[in-house]
Amino acid sequence: MKLVFAGTPEFAAEALRQLLAAGHTVPLVLTQPDRPAGRGMKLTPSPVKALALQHGIAVAQPRSLRLDGKYPDDAAAARQALLGAAPEAMVVAAYGLILPQWVLDLPARGCLNIHASLLPRWRGAAPIHRAIEAGDAQTGITLMQMDAGLDTGDMLLTAAQAIRPDDTTATLHDRLATQGGALCVQGLAAPEALRRTPQPAEGVNYAHKIEKHEAAIDWRQPAAVIERRVRAFDPFPGASFTLGNEVVKLWAAEVLPQAGGTPGQVLQADGQRLLVACGDGALALRTLQRPGGRRIDVGVLLQQCPGLAGTQLG
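A. Spatial organisation of the overall build of the chain. Of regular secondary structure, the chain possesses eight helices and 17 strands. Taking the principal axes of the C-alpha coordinates as reference, the chain spans close to 70 × 45 × 35 Å. Relative to its 314 residues, the chain shows a buried fraction of 49%. For the chain, restricting intrachain contacts to residue pairs at least 6 apart in sequence, the fraction spanning at least 24 positions comes to 64%. Here the chain displays about 14700 Å² of accessible surface, and carbon together with sulfur accounts for 53% of that area. Side-chain charges of the chain comprise 30 positive and 28 negative groups, with the mean position of each set lying 4 Å from the other.

As C-alpha cells, this is what we get:
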C-alpha cells in the first residue's frame, strides 16, 4: 500500500521500520522539527527522520498542520507535500501534532493510529508511564481509525501485553513498539477485513504528559506506590530525592513490609542495604545516581556516603 507515515520517537521508528520491511511504499514522512539534545544541545533529528533519510524518503517537519493557525506557511507546505504523495492511508504513531480534519480526510482509507494502550484506558500522551504507575497488570496496542478527538476513534485491532513486576517504561516501551509495528502490518495486510468497533463509554481515562516536577519522591506515600513510580519514570524524568544538598535519582528499589521510623528516614545503611521508611512499608534502594555520575549499585553509594543510618531524606 502507498502510505504516508507520521511519527517522531523510537516507538514510531520501529513501526516505520516494520512497514518498510513488509513492502509498503512510503513516499513521505511527517515528523517533529529537530530539537536540541545532548550536552552540547545540538539540533538532532528525530529517530523517524533519521530512519526516513536512510531509506531516501522525503521528510516534512511542519510546526503545525492548522492552515488557520500560528504557522500557516508550514501547514500549507505540508498540505502540498501530502497531496503530492497521494497516499491510500496515513499511519500515525506518537507524532506529537494534532491532525486537523483536512488531514484526516485526505487519504482514501483515512488515518490509522498505533496507540500504546488498550483503549479507552490511557488515552493521551503517556500511556506506558501511567499504566506502570497505576499498577496495571496488562496494557497493549490499539490500532485505531483516527477522528478529530483525542484517541477517541474506532478500534480496528488490539493486542494485549502483560506488564511484568520489574518492567520500566523503557523495557515495556520496547516490547510495545515491536508489537505496535506488527499489529499495523497485520491490519494493512488485509484492510478490507478490518472492522471498526466504537470504544466503550466506560473505562475512559487519560494518560497526562509526564512533567519534571513529578520526579520528586514523596516518602509519605506507600512504598508500593513509590516503587511503581520509580519504574514508570525510567528513563524520564527519573524519580529523585535529596540527600544533604544533592539531588539523587533512584532507578530501582524493592518494597519491604518493615514498619517504623518517619517517612524518608533511613532505617538501615550498611553493606548492600539502604532501607528507607515510607508512609506504608519501606523501600530497599537498589540502583541510584548522584549528580553528574552514572547509575551505581547501592553498595557503592554507601561507601561514598557512610553513616546514613537515621538520616532524613528529602
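Structure shown, so let's carry the discussion forward.
B. Just the state of the cysteines, in detail. Evaluation of the coordinates by the stated rule reveals zero disulfides. For the unlinked cysteine cysteine 184, the closest cysteine sulfur is that of cysteine 111, found at 12 Å. Classification of cysteine 184 by relative accessible area gives buried; the value is 0%. For the unlinked cysteine cysteine 305, the closest cysteine sulfur is that of cysteine 278, found at 19 Å. With relative accessibility at 12%, the residue cysteine 305 sits in the buried group.

C. Representation of the side chain of threonine 139 within the structure. Inspection of the secondary structure puts threonine 139 in strand E9 (residues 138-145). Beyond its immediate stretch of four places on either side in the chain, threonine 139 contacts Ala116, Ser117, Leu118, Ala131, Ala159, Ala160, Gln161, Ile163, Leu172 and Leu176.

D. Local environment of the nonpolar core. Of all hydrophobic cores here, the largest spans 42 residues; its most connected members are Phe5, Phe11, Leu16, Val26, Val29, Val91 and Ile114. Sort the elements by how many residues they give to this core and helix H1 (residues 10-21) lands first, with seven residues. When sequence neighbours within four positions are dropped, the list of residues in contact with phenylalanine 11 reads Ala93, Ala94, Ile114, Ala116, Ile141, His173, Leu176 and Ala177. One finds Ile217, Ile226, Ala239 and Ile296 within the second-largest nonpolar core, a separate group that totals 25 residues.

E. Spatial organisation of helix H7 (residues 223-232). Counting buried positions over the ten residues of H7 gives seven, a clear majority of the element. Residues of H7 that are buried: Ala223, Ile226, Glu227, Arg229, Val230, Arg231 and Ala232. The secondary structure elements touched by the buried residues of H7 are helix H5 (127-134), helix H6 (169-189), strand E12 (239-243), strand E13 (246-256) and strand E16 (282-289).

F. Region of interest: the packing of aromatic side chains. Inspection of the entire model under this criterion finds one aromatic pair. For arginine 295, the ring lying beneath its charged end belongs to tryptophan 251, and the centroid distance is 3.7 Å.

G. Examining the environment of histidine 208 more closely. Note on placement: histidine 208 falls in the loop between strand E11 (206-207) and H7. For histidine 208 and aspartate 154, which are 54 residues apart along the polypeptide, the C-alpha to C-alpha distance reads 21 Å.

Parameters at a glance
- Along each chain, residues carry numbers from 1 onward, in the same order as the chain's sequence is written.
- Predicted model: local features are reported for residues with pLDDT of at least 70 only, side-chain atom pairs are reported and counted for 80 or more only, and whole-chain, interface and lining totals are derived from all residues.
- Note that the side-chain values use all heavy atoms of the structure and ignore hydrogens as well as water.
- In DSSP terms, a helix is any run of H or I states spanning at least four residues, a strand is any run of E spanning at least two, and both are numbered starting from the N terminus.
- Partly exposed describes any residue whose relative accessible area lies between the buried limit of under 20% and the exposed limit of over 50%, with all areas from a 1.4 Å probe on protein chains only and scaled to the type maximum.
- Whether two residues are in contact is decided by their heavy atoms: any pair within 4.5 Å suffices.
- Surface accessibility follows the Shrake-Rupley procedure with a 1.4 Å probe radius. Residue values consider only the protein chains on display as shielding.
- For the charge count, each Lys or Arg is scored as positive and each Asp or Glu as negative, with His and the chain ends excluded.
- A charge is said to be at NZ when it belongs to Lys, at CZ for Arg, at CG for Asp and at CD for Glu.
- Cysteine sulfur atoms are paired as a disulfide whenever they come within 2.5 Å of each other.
- Here, nonpolar core means buried Ala, Val, Leu, Ile, Met, Phe, Trp, Tyr and Cys residues that are tied together by side-chain atoms lying within 4.5 Å of each other.
- The pairing test for Phe, Tyr and Trp rings, Trp by its six-membered ring, is centres within 6.5 Å, and the orientation test on the planes gives stacked under 30 degrees, edge-to-face over 60, and tilted for anything in between.
- Think of it as a cone above the ring: NZ of Lys or CZ of Arg counts as a charge over the ring if it is within 6 Å of the ring centre and within 35 degrees of the ring normal.

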